[in-house]
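# Structure assessment
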Number of protein chains: 2
Amino acid sequence: MDRCLAADTIKNIDTEVTLLGWVDTIRSHGKIAFIDLRDRSGLVQCVDTSGKISAGNEDVIKITGLVKKRPEKMINLKIPSGTVEVSIKSFEILTKSKELPFAIDCDGYDINEEIRMKYRYLDIRRLRITRNLKIRSQVTTFIRNFLTKRDFAEIETPMLTKTTPEGARDFIVPSRLQKGKFYALPQSPQQYKQLLMVAGIERYFQIVRCFRDEDPRADRAYGEFTQLDLEMSFVNQEDIMRLTEEMFTKLVAEIFPEKHILISPWPRLSHKEVMEKYKTDKPDLRKNKTDKNELAFSWTIDFPLFTEQSKEDFYHGSGKAKFAPSHHMFAAPHPDDIPLLSSDPMKVRGLQHDLVLNGYEVGGGSMRIHEKELQEKIFDLIGFTDKQKMQFEHILTAFTFGVPPHGGIAPGIDRFLMAALGEPSVREVMAFPTSSSGQTAVMDAPSNVTEEQLKELEIKIVSAK
Amino acid sequence: MDRCLAADTIKNIDTEVTLLGWVDTIRSHGKIAFIDLRDRSGLVQCVDTSGKISAGNEDVIKITGLVKKRPEKMINLKIPSGTVEVSIKSFEILTKSKELPFAIDCDGYDINEEIRMKYRYLDIRRLRITRNLKIRSQVTTFIRNFLTKRDFAEIETPMLTKTTPEGARDFIVPSRLQKGKFYALPQSPQQYKQLLMVAGIERYFQIVRCFRDEDPRADRAYGEFTQLDLEMSFVNQEDIMRLTEEMFTKLVAEIFPEKHILISPWPRLSHKEVMEKYKTDKPDLRKNKTDKNELAFSWTIDFPLFTEQSKEDFYHGSGKAKFAPSHHMFAAPHPDDIPLLSSDPMKVRGLQHDLVLNGYEVGGGSMRIHEKELQEKIFDLIGFTDKQKMQFEHILTAFTFGVPPHGGIAPGIDRFLMAALGEPSVREVMAFPTSSSGQTAVMDAPSNVTEEQLKELEIKIVSAK
């Protein structure tokens, strides 16, 4: 279809154009009516003098008309096409809209979130959400180009994989072909990316969905989230931190030019130091916390490799040991501290690095263990049973075939965007987020399945509500 | 770490460099030994004259040495660094490798696939698979840049969503927060992308994982596959086909310069025509089917909107109707044929387009229905019960709020790569594919879960093997 976007009208003065979009507003003044047509590029004012046009807000319309310069005093500097208007020659309503359940010409924070999520496809029409989603797309495009230019390959890893005691609760998926058995959705591609290092890929990344059946928080959506998963061989911690810093610095300059990074190079603070000084491992180093354009990145390093196991800890009761990994069980200990693993494990430092932005942990990573015996020692220290160790047999086997030293990081895309955009919740930067009770936006899930589905999988609901 | 890649040695003649990688081969001739070091950039020959070096294939090594030009008659034109060699000054084994379970210096087609998949991280080291995965990364990068430059936004849609009778068998995921209920993994983001059109996004794409619990074939992996999901508003079928054709034509020119597209513009063949002439709706139009560099794209169009329901059909028994959608239930009928929906539905043509490459269906799409009443009529014709219709209530509701005309296409990434690379199976272009019995590569899944996991979800295995 030959079509002119609203924003392109200014390039088509004295030309007849066809516009397609939504009625943003319509104002009638007797015989003259003004329609603001909205499309993906923005708004343009269209003028009808026939007195015959009748339309409602959010109707989808087609307008053919002549683009004219506006008289000086009618110029509207608030919209990019504010120097022109379109004199309507023909007008057609393609589809009608019922009255919307809420206003979309506002930021929407005050509207009940349940209603916003039920009609999320209307909520997205609001400028703020459309903008957030488009910026999200720009951010992931930037990251992909930055990394592929540096010889990284994006490699997709499986979503149907194996349940392993990795630190959070798995979502499980019953198998039809092997009845009584289950897949698990990945908590992260941690093991696959380490296997890709064994495979000689050397520089891997993936912008990937991860799944954890854990309670949601403002900075963590229920169920699924997206992370930039990144792993490199033949590097040290310095290389990983330097690459990450360069990437986000260039990203901010290109996509958020109005924002400034407060301190460069980013401060690197030891875990001990931040806990003493800020009582948190993710300090908010902004000078002015109300300045939406201030970005304070920092690194927290020198974490203890272990924390003490508590009853809340995932590994509690899995053995007699009292140590839980402070990040995860694949993080490498500081080489100087290896002897302490036997004598005083709580004193062992890990080669871990947390990326902090404005008080949020937006990424974590580490150098990984690449020695079979050392990995087995860590499994023992966190109290794995022989059965639990067996669940990781594939990675211990992989380590016997020439494994390169490797490490990486995994910044959270949702959380970075939330922090960078100053949004109060990750749900504001996701297209169709779930609610805190696990309810999906728009579609009414989770939902009942049919008896046939359960029968085919040979599972049964024990006590459905 | 300061490191020189194998391929970069030719830029560092008479310079001392440090190389990191794997022992590809080692050949000892008395006091002189030749080690081919392999890293992500390729191979370089390193020479030891100390007589002290001992290493095994696939050990991970660090070599420091002087890059020297090779004498004319020693030049090896088979490798990019074949004009130089590295005279070893220091040599270190970083990690040892056991003997590999299979050879990796061959294409690997003759090796038992089960073993290849068990040690997939070693199988990937084989040049062919590494290359396939890197080309895959280039292809998705190209597509993303092509589309974002044309004003498309990549928007992520949920993986935990609702089970709906869409045409294939769902994978379902028990909900812990709402016991007795289930999420489904998406068969495709079909409904979400249509909702994004209602949301005014206008140009959406996503390279996205899709899930179908269906029997695998050579051109379809079990369980999960990746598609380029693409949807546009205010377009017609011509716009969609033209954009797709431009994208793949430029992609082939950039990423597969050795290949040529046989016929341009791509032939558009009606369903009737291809079925009569080729007895298939995905004809292989290559002139020379043994020429690996010949790519014959074509479109199959003018599909009948319905096929007759059979017992194998997903919708069989869901009502008294005898019609099944030939693509899916959201495909729009040809506007001229609307009256036939009441009088003779089997004669209705759909606005559908299948993308065919070398005899494979590498993509399908259509203009969509965007009228509530018409969508309801289709639901009736395929025999949906009121309960089944209710499962789609959200999309019918969305259509009442100003829906733009829209359509799209969804080329399969795995299948396109398989066809373009001339591979015999999609598993050759995936990093960690599942076997036909649903067994995952490397990790032993599906697997047993603990009693605690089942108890927490309030489900029970009825008759495990």
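Remember, predicted model here, so these are calculated numbers, not experimental data. (Residues numbered from 1 in each chain as written. Chains lettered and ligands numbered in written order. Predicted model: local features only at pLDDT ≥ 70, side-chain atom pairs only at ≥ 80, totals over all residues. Heavy atoms only, no water.)

Right, let's get into the pairing of strand β10 (residues 223-233) of chain B. Residue and element names in this part refer to chain B. With 11 of 11 residues buried, β10 lies mostly within the body of the structure. Sheet analysis places strand β9 (residues 203-212) next to β10, joined by 10 bridges and oriented antiparallel. By the bridge assignment, Arg203 is partnered in β10 with Met232. When β10 meets strand β19 (residues 406-411), the two strands line up antiparallel, connected through 4 bridges. Paired with Ser233 across the strands is His406, a residue of β19. (Buried < 20%, exposed > 50% of the residue type's maximum accessible area, 1.4 Å probe, protein only. Helix = DSSP H or I, 4+ residues; strand = E, 2+ residues; numbered from the N terminus. Pairing = 2+ DSSP bridges.)

So, on to the packing of helix α3 (residues 127-149) of chain A against helix α5 (residues 237-255) of chain A. Residues and elements named next belong to chain A. Closest axis-to-axis distance for the α3/α5 pair is 10 Å, and the angle between their directions is 135 degrees. Of the possible angle classes, the one that applies to α3 and α5 is oblique. Both α3 and α5 take part in a crossing whose hand is right-handed. In this structure, α3 contributes Ile135, Gln138, Val139, Phe142, Ile143, Phe146 and Leu147 to the contact, and α5 contributes Leu243, Glu246, Met247, Lys250, Leu251, Glu254 and Ile255. Classifying every residue of the contact of α3 with α5 gives 10 nonpolar, 1 polar and 3 charged. (Axes fitted to C-alpha atoms, helices over the stretch in contact; angles between N-to-C directions. Parallel < 35°, antiparallel > 145°, perpendicular 65-115°, else oblique. Left-handed = near helix turned anticlockwise from the far one by under 90°. Contact = heavy atoms within 4.5 Å. Nonpolar A, V, L, I, M, F, W, Y, C, P; charged D, E, K, R; others polar.)

This part takes up the pattern of salt bridges. Opposite charge on two side chains makes pairing possible when the charged atoms of those side chains draw close. Counted by the stated rule, this structure contains 82 salt bridges over all chains. In this structure, Arg40 of chain B and Asp151 of chain A form a salt bridge, with 2.8 Å as the shortest nitrogen-oxygen distance. Residue Arg40 of chain B is located in the loop between β2 (32-39) and β3 (42-48), and its partner Asp151 of chain A is located in the loop between α3 and β6 (153-154); the two belong to separate chains. Take Arg40 of chain B: its relative accessible area is 16%, and that puts it in the buried class. For the salt bridge of Asp344 of chain A with Lys347 of chain A, the shortest nitrogen-to-oxygen distance reads 3.3 Å. On the accessibility criterion, Asp344 of chain A (27% relative accessible area) is partly exposed. Via salt bridges that share partners, Arg116, Arg120, Asp123, Arg126, Arg128, Glu423 and Glu428 of chain A belong to a single interconnected network. (Salt bridge = Lys/Arg side-chain N within 4 Å of Asp/Glu carboxyl O.)

Our focus in this paragraph is the interface of chain B and chain A. Counting residues at the interface gives 125 residues for chain B and 125 residues for chain A. Roughly 10900 Å² of surface becomes buried between chain B and chain A when both sides are summed, with 60% attributable to carbon and sulfur atoms. Considering only the surface of chain B that becomes buried against chain A, Phe234, Phe401 and Met443 of chain B emerge as the three largest contributors, covering 7% of it. The interface formed by chain B and chain A contains 16 salt bridges. For Glu202 of chain A, the salt bridge identified is with Arg40 of chain B, shortest N-O distance 3.1 Å. Alignment of strand β20 (residues 459-461) of chain A against strand β20 (residues 459-461) of chain B, held across 3 bridges, turns out to be antiparallel. Bridged to Ile459 of chain A within β20 of chain B is Ile461 of chain B. (Buried area = accessible area lost by both parts, 1.4 Å probe.)

With an axial shift of 0.0 Å and an RMSD of 0.1 Å, the rotation relating chain B to chain A amounts to 180 degrees. A rotation of that kind, with that shift, is consistent with a two-fold axis. Residue by residue, 100% of the interface of chain B is reproduced at the interface of chain A, so both copies engage with the same surface. (Least-squares fit on C-alpha atoms with pLDDT ≥ 70 in both.)

Another aspect to go through is the packing of α3 of chain A against helix α3 (residues 127-149) of chain B. Two elements in contact, α3 of chain A and α3 of chain B, have axes separated by 11 Å at closest approach and are oriented at 140 degrees. The angle between the axes of α3 of chain A and α3 of chain B places the two elements in the oblique class. At the point where α3 of chain A passes α3 of chain B, the crossing takes the left-handed sense. Residue-level contacts link Ser137, Thr141, Arg144, Asn145 and Thr148 of chain A of α3 of chain A to Ser137, Thr141, Arg144, Asn145 and Thr148 of chain B of α3 of chain B. Here the contact of α3 of chain A with α3 of chain B is composed, by residue class, of no nonpolar, 8 polar and 2 charged.

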